[in-house]
Amino acid sequence: MGTLEGRVGVVTGAASGIGAATARRLVAEGARVLLADIQDDVGGALAESLGPNAAYRHCNVAKESDVAAAIGEAAERWGTLDVIHNNAGFVGVTGPLEETTDDEWNQTLAVLLSSVFYGIKHATPIMKAAGAGSIVNTASVCGLYAGIGSHVYTVAKHGVVGITRSSALELAEHNIRVNAVCPGYIATGLAAGRAVSEIDEEELQRRLARARGAMETSQPLARMGEPDDIAAAVAWLASDDSAWVTGTTQIVDGGLTVGKPWRKQAAGFAEKRPIRMYAPGTYS
Ligand SMILES: NC(=O)c1ccc[n+]([C@@H]2O[C@H](COP(=O)([O-])OP(=O)(O)OC[C@H]3O[C@@H](n4cnc5c(N)ncnc54)[C@H](O)[C@@H]3O)[C@@H](O)[C@H]2O)c1
């Protein structure tokens, strides 16, 4: 029996990458899952391949009415809502803030941050009525540190961490848990720049192969992350195995934010050397 047997979930951004891996994993754990995305062909085909415990619905997460409708459809189809993974995202506007227009700022925040607000807002009444729920938001290591991603992406992901913590406090008394996953570099179209440069599948795979190669030396756990690494964390946060966990930011980054890989540390520290004793007064 899976850890989510009989549960009902919604995953946004479920047509590809982390969302697709999560949808697959939640269904494998026994849940019924509504996949929400704007890539209707790919998302529809994935839902079809997952069988009767999955369905697809078009949903632009930047529109509150779309998010409300996706959540409403899941609850109507399967009677309740136990889990929502607010995950859809893109890179959004990049570059210096002085060159960022108001529209670019607003659109980026709408997709990356307002979407999470909409997901929490519309999941809450159903979860309150059910007496329990688990909300998992995809933030990023960029939600915890600056300088890894672009400006507005970093702002938005810090916001996702903020709304995770703040709403966790509000909803705890209703037995609704709210947590975030903070992925490092994960091998998806987003990480390979597909969304910003409209690349085809062949070019995507070439870029991902290059990125995977580079991460073999740059990461403490010597590989790039895969969508399944994040899906596993989401499935745990969605399940009762994490029943006493709320308001957390679960970092899944292969050690990226911990520090330099041991093998890359200055030779003087990485090599074993005997302690040199100095007599007082002999320092030069
Ligand atoms: N890949 C990484 O390295 C990485 C690292 C940290 C965080 N993340 C976050 O993970 C999440 C998923 O990204 P991914 O890496 O799987 O990328 P991806 O491009 O493979 O998947 C993103 C999905 O979101 C969908 N989407 C984009 N805009 C949407 C909108 N307005 N409405 C509905 N769906 C929309 C896309 O169609 C796509 O299916 C994002 O929130 C991203 O910021 C990714």
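Anything mentioned here points back to the structure above.
A few points on the structure. What you see is a predicted model; the values in this text were computed from it and never measured.

The next subject is the layout of surface pockets. Each pocket or cavity is described by its volume, and for the largest pocket that value is around 1,100 Å³. As for the largest pocket, its lining consists of 40 residues, of which G89, F90, V91, T188 and L190 are closest to the centre. Where the lining of the largest pocket is concerned, the elements lending two or more residues are α1 (17-28), α4 (102-130), α5 (151-171) and α6 (194-197). At 3 residues, the largest contribution of residues to the lining of the largest pocket is made by α1. Its residues assigned to classes, the lining of the largest pocket comprises 21 nonpolar, 15 polar and 4 charged.

Let us look at the nonpolar core. Core analysis: the largest hydrophobic core is formed by 31 residues, its most contacted members being L34, L81, I84, M127 and I135. Mapped onto this core, the elements with two or more residues apiece are β1 (8-12), β2 (32-37), α3 (64-78), α4, α5 and β6 (176-183). The element best represented in this core is α4, accounting for 6 residues. Beyond its immediate stretch of four places on either side in the chain, L81 contacts V8, G9, V10, I71, A74, A123, I126, M127 and A132.

Quick look at the packing of α1 against helix α8 (residues 227-238) now. Look at α1 against α8: their axes get within 8 Å of each other, and the N-to-C directions meet at 50°. With respect to their mutual orientation, α1 and α8 come out oblique. At the point where α1 passes α8, the crossing takes the right-handed sense. Between α1, through G17, I18, A21, T22, R25 and L26, and α8, the contact on the second element is made entirely by P227, D228, I230, A231, A232, V234 and A235.

Looking now at the pattern of salt bridges. This structure, assessed with the given rule, holds 10 salt bridges. Residues E64 and K121 are paired through a salt bridge, measuring 2.8 Å at the closest nitrogen-oxygen approach. One end of the pair, E64, is in helix α3; the other, K121, is in helix α4, and 57 residues separate them in sequence. In this structure, R77 and E73 form a salt bridge, with 3.1 Å as the shortest nitrogen-oxygen distance. Pair noted here: R77 and E73 are both in helix α3, with a separation of 4 residues, about one helical turn. The partly exposed category is assigned to R77, whose relative accessible area is 47%. Via salt bridges that share partners, E202, E203, R206 and R207 belong to a single interconnected network.

With that settled, consider α5. Turn by turn, an α-helix covers 3.6 residues, leaving residues three or four places apart pointing in a common direction. For α5, with 21 residues, the first-to-last C-alpha span of 30 Å sits near the 30 Å given by 1.5 Å per residue. If you check which residues of α5 are buried, you get V152, Y153, T154, A156, K157, G159, V160, V161, T164, S167, A168 and L171. Each element contacted by the buried residues of α5 is listed here: α4, β5 (133-138), β6 and β7 (249-252).

Moving on: a nonpolar patch on the surface. Among the surface-exposed residues, L97, W105 and V155 lie close enough to one another that they form a single nonpolar patch of about 250 Å² accessible area. Positionally, V155 belongs in helix α5. Classification of V155 as partly exposed rests on a relative accessible area of 39%.

Turning to the sheet that holds strand β3 (residues 54-58), a few remarks are in order. Pairing in this open sheet of 7 strands is parallel, and the strands run β3-β2-β1-β4-β5-β6-β7 from one edge to the other. If you trace the sheet from one side to the other, it starts and ends with β3 and β7, each paired once. Sheet twist, expressed as the mean angle between neighbouring strand axes with direction ignored, is 20°. Relative to β2, β1 is paired through 5 bridges, and the arrangement is parallel. Each residue of the ladder has a partner; that of T12, found in β2, is A36.

Criteria and cut-off values
Residues numbered from 1 in each chain as written. Predicted model: local features only at pLDDT ≥ 70, side-chain atom pairs only at ≥ 80, totals over all residues. Heavy atoms only, no water. 1 Å grid on protein atoms, 1.4 Å probe; cavity = no way out; pocket = protein on both sides within 12 Å on 5 of 7 lines; lining within 4 Å. Points joined across faces, edges and corners; volume = space filled by probe spheres on them. Helix = DSSP H or I, 4+ residues; strand = E, 2+ residues; numbered from the N terminus. Nonpolar A, V, L, I, M, F, W, Y, C, P; charged D, E, K, R; others polar. Core = buried A, V, L, I, M, F, W, Y, C linked by side-chain atoms within 4.5 Å. Buried < 20%, exposed > 50% of the residue type's maximum accessible area, 1.4 Å probe, protein only. Contact = heavy atoms within 4.5 Å. Axes fitted to C-alpha atoms, helices over the stretch in contact; angles between N-to-C directions. Parallel < 35°, antiparallel > 145°, perpendicular 65-115°, else oblique. Left-handed = near helix turned anticlockwise from the far one by under 90°. Salt bridge = Lys/Arg side-chain N within 4 Å of Asp/Glu carboxyl O. Expected span 1.5 Å × (residues − 1). Patch = residues over 30% accessible without salt bridge, like charges linked within 9 Å, V, L, I, M, F, W, Y side chains within 5 Å. Areas by Shrake-Rupley, 256 points an atom, 1.4 Å probe, with all protein chains shown as cover. Pairing = 2+ DSSP bridges.

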